Amino acid sequence: MPDILSRELTWGLEVRDLVIHKGRTTILSDFTWTHYPGEVAWIVGENGAGKSSLLRVLAGRERAATGTVTHTAPAGRSPAVLYYHPAMGLPDLTTVGAWQAFVDRIYPAESRYPLDPGLVPDSALAHKRVDRLSTGEAKRLALQALLQRAAPFLILDEPFEHLSPPAKQRLASYLSARARDTVIVVATNQEVPADSHGPILSYDGSSLKPIRLPEES
Amino acid sequence: MRNTLRQAAAVARLELFRTGRAPTTPVAALAFAVILAFGYWLYWRALPPRPEDDRLLAHAFILAAIIGLRFGIASDRALGAESFLIRNLVGPAAYFAGKLAALLTSLLALTAFAVVTGTILSAGDWNHALWYSLASALAVCLFVPILLLVESAMDTRFPGAAAFVLFVVAALAASITIGIEPLTSFLGLTMERLDYKSLLPLAWRAAVAIAITGASYPLWRRRASG
């Protein structure tokens, strides 16, 4: 695996000697990995293998049994890690318009990350209640809010699930473009988009094996 | 700090929008108005001398608060919105402060609604409506920390009812242990009807209850996802 320092990059995600337990089972042992901006890293594996547990640890939302996960941000930026999991949802009793107004209020315009217009919900939905959206629409709305934040780390668990093929394509292209200045890790049980780049790690529930290396290694 | 305040204000606005659209809000307002209207109807129909110590407004107010007041923390957690919002979109402190600010604003709105409705239904006796609404709002503040406890511990859509039951059980246990008068005095419920100065002990306790709710942030954070 390439090292961020040998590539003269001073920031990225660094994992050292990681051991993760899920209950009494060890789902990952002695995993060391470094990922840097440039390409999306894909973690593929079956449902229930433990990808979500691994991603929660990579996102800093859960602690590993042993080992370290370090998020080193570029100078002048906070090491904010955005994390998405399919079980996450939007607050009920609100409308698409009210939700978007909320997102606009929490991020000052100057700190917002530009968003692909194809990921922005249709303005005709503004008065629609969020809890009456289709699963795909609600997911796009959630991802749209998340991706507007200009954080240097983006850890996404099954972001393509329930999305229509065009929306999947848009999201994949957006992530590839954004990976230039963001460390992005995506876990999926689906096929990695055909025109994607970046390392692919296969997870079988106990170890991660590279099945495609970073292009620039 | 400025960022946290901006985020807390955004959370509070969203929560107030949700409270406005919650089905329990019109039910709470209607319950308050119907009970009060029925009480006044009985009052005006009664032959003089009419009873002066009418606590119906307080009872209707507390019922409306039980139905309508909520932090929204429990429903956020049940929907996975808490883990989505916290750390991804807003900081945990901003989330908590926003929820508390929204709850207090809702309580203020309920108080204003009670004053206006009480004044109308009592044929212009605003002093009566204002005093009872204020006393009720201060009393409701006493179970705000319990409401937070309930929402932190249970995934319920009706946290007010659970908080009220807990409050009553605790009050009953305390009254058996230490007696009713010491308990009434401890809770600051020793006011004189229509005497605003006599609300001061209750106002102090209400302020302490809100401060306790704010200080419970680390306890809530342990339970909160995200």
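Residues numbered from 1 in each chain as written. Chains lettered and ligands numbered in written order. Predicted model: local features only at pLDDT ≥ 70, side-chain atom pairs only at ≥ 80, totals over all residues.

Draft legend 1. The overall build of chain A, seen in detail. Along chain A, the regular secondary structure elements total 4 helices and 9 strands. Computed over its C-alpha atoms, the radius of gyration of chain A comes to 17 Å, within 12% of the 17 Å expected for a compact globule of 217 residues. A principal-axis box enclosing the C-alpha atoms of chain A has dimensions of 50 × 40 × 30 Å. Counting all 217 residues of chain A, 36% fall into the buried class. Taking all contacts inside chain A whose residues are at least 6 apart in sequence as the whole, residues at least 24 apart take part in 74%. (Helix = DSSP H or I, 4+ residues; strand = E, 2+ residues; numbered from the N terminus. Rg over C-alpha atoms; globule rule 2.2 N^0.38 Å. Buried ≥ 20, exposed ≤ 12 C-beta atoms within 10 Å, placed from the backbone. Contact = placed C-beta atoms within 7 Å.)

Draft legend 2. Focus on the pairing of strand β2 (residues 25-35) of chain A. Residue and element names in this part refer to chain A. In the sheet, strand β1 (residues 12-22) pairs with β2 via 7 bridges, with the strands oriented antiparallel. The partner of I20 across the bridge, within β2, is L28. Here β1 folds back onto β2, and the loop between the two strands holds 2 residues, one of which, G23, carries a positive phi near 65 degrees. (Pairing = 2+ DSSP bridges.)

Draft legend 3. Inspection of the confidence of the model for chain B at higher detail. Summary statistics for chain B give a mean pLDDT of 94 and a share of 99% for residues scoring 70 or more. Reported confidences for the modelled complex are a pTM of 0.92 and an ipTM of 0.91. (pLDDT = per-residue confidence, 0-100.)

Draft legend 4. Representation of the sheet that holds strand β4 (residues 66-72) of chain A in the model. Residues and elements named next belong to chain A. With antiparallel pairing, 3 strands are arranged side by side in an open sheet as β2-β1-β4. Sheet topology places β2 and β4 at the edges, where each strand pairs with a single neighbour. Adjacent strand axes in the sheet meet at a mean angle of 15 degrees when their direction is disregarded. Helix α1 (residues 51-58) rests against β1, β2 and β4 of the sheet, and its axis sits at about 135 degrees to β1. (Axes fitted to C-alpha atoms, helices over the stretch in contact; angles between N-to-C directions.)

Draft legend 5. Highlighting the interface of chain B and chain A. With 18 residues of chain B in contact, the opposing surface of chain A contributes 17 residues. Elements with a minimum of two residues in the side of chain B that touches chain A: α1 (2-21), α4 (73-79) and α5 (81-85) of chain B. Top contributing element to the side of chain B that touches chain A by residue count: α1(B), with 7 residues.

Draft legend 6. Molecular detail of the packing of helix α3 (residues 56-68) of chain B against helix α6 (residues 92-121) of chain B. Residue and element names in this part refer to chain B. One way to put it is that α3 packs onto α6 with a least axis distance of 11 Å and a crossing angle of 145 degrees. For the crossing formed where α3 meets α6, the hand is right-handed. Contacts from L57, F61, A64, A65 and G68 of α3 reach α6 at L110, A114 and G118. (Left-handed = near helix turned anticlockwise from the far one by under 90°.)

Draft legend 7. Fine view of helix α7 (residues 126-141) of chain B. All names here are of chain B. In this model, α7 (16 residues) spans 22 Å end to end at C-alpha, consistent with the 22 Å of a helix rising 1.5 Å per residue. Buried within α7 we find A129, W131, Y132, S133, A135, S136, A137, L138, A139, V140 and C141. Among the structural elements, α3, α6, α8 (144-153) and α11 (200-215) are those in contact with the buried residues of α7. (Expected span 1.5 Å × (residues − 1).)

Draft legend 8. Fine view of α6(B). Look at α6(B): 43 Å from first C-alpha to last across 30 residues, which is about the 44 Å you get at 1.5 Å a residue. Backbone geometry just downstream of α6(B) places A123(B) in the positive-phi region, at approximately 60 degrees.

Draft legend 9. Broad picture of the confidence of the model for chain A. On average, residues of chain A carry a pLDDT of 88, and 94% of them reach 70 or more. No element of chain A has a lower mean pLDDT than strand β9 (residues 208-212) of chain A, which averages 86, and none a higher one than strand β6 (residues 153-157) of chain A, which averages 97.

Draft legend 10. Spotlight on the sheet that holds β9(A). Residues and elements named next belong to chain A. Strand order in the open sheet made by the 6 strands is β5-β6-β7-β3-β8-β9, with mixed pairing throughout. Strands with a single pairing partner mark the edges of an open sheet, and in this sheet they are β5 (81-84) and β9. Neighbouring strand axes in the sheet, compared pairwise and without regard to direction, differ in orientation by 20 degrees on average. Looking at chain direction, β5 and β6 are connected through 4 bridges and run parallel. Bridge pairing links Y84 to L156 in β6. Docked against the sheet, α1 engages β3 (40-44), β6, β7 (183-188) and β8 (200-203), running at close to 165 degrees with respect to β6.

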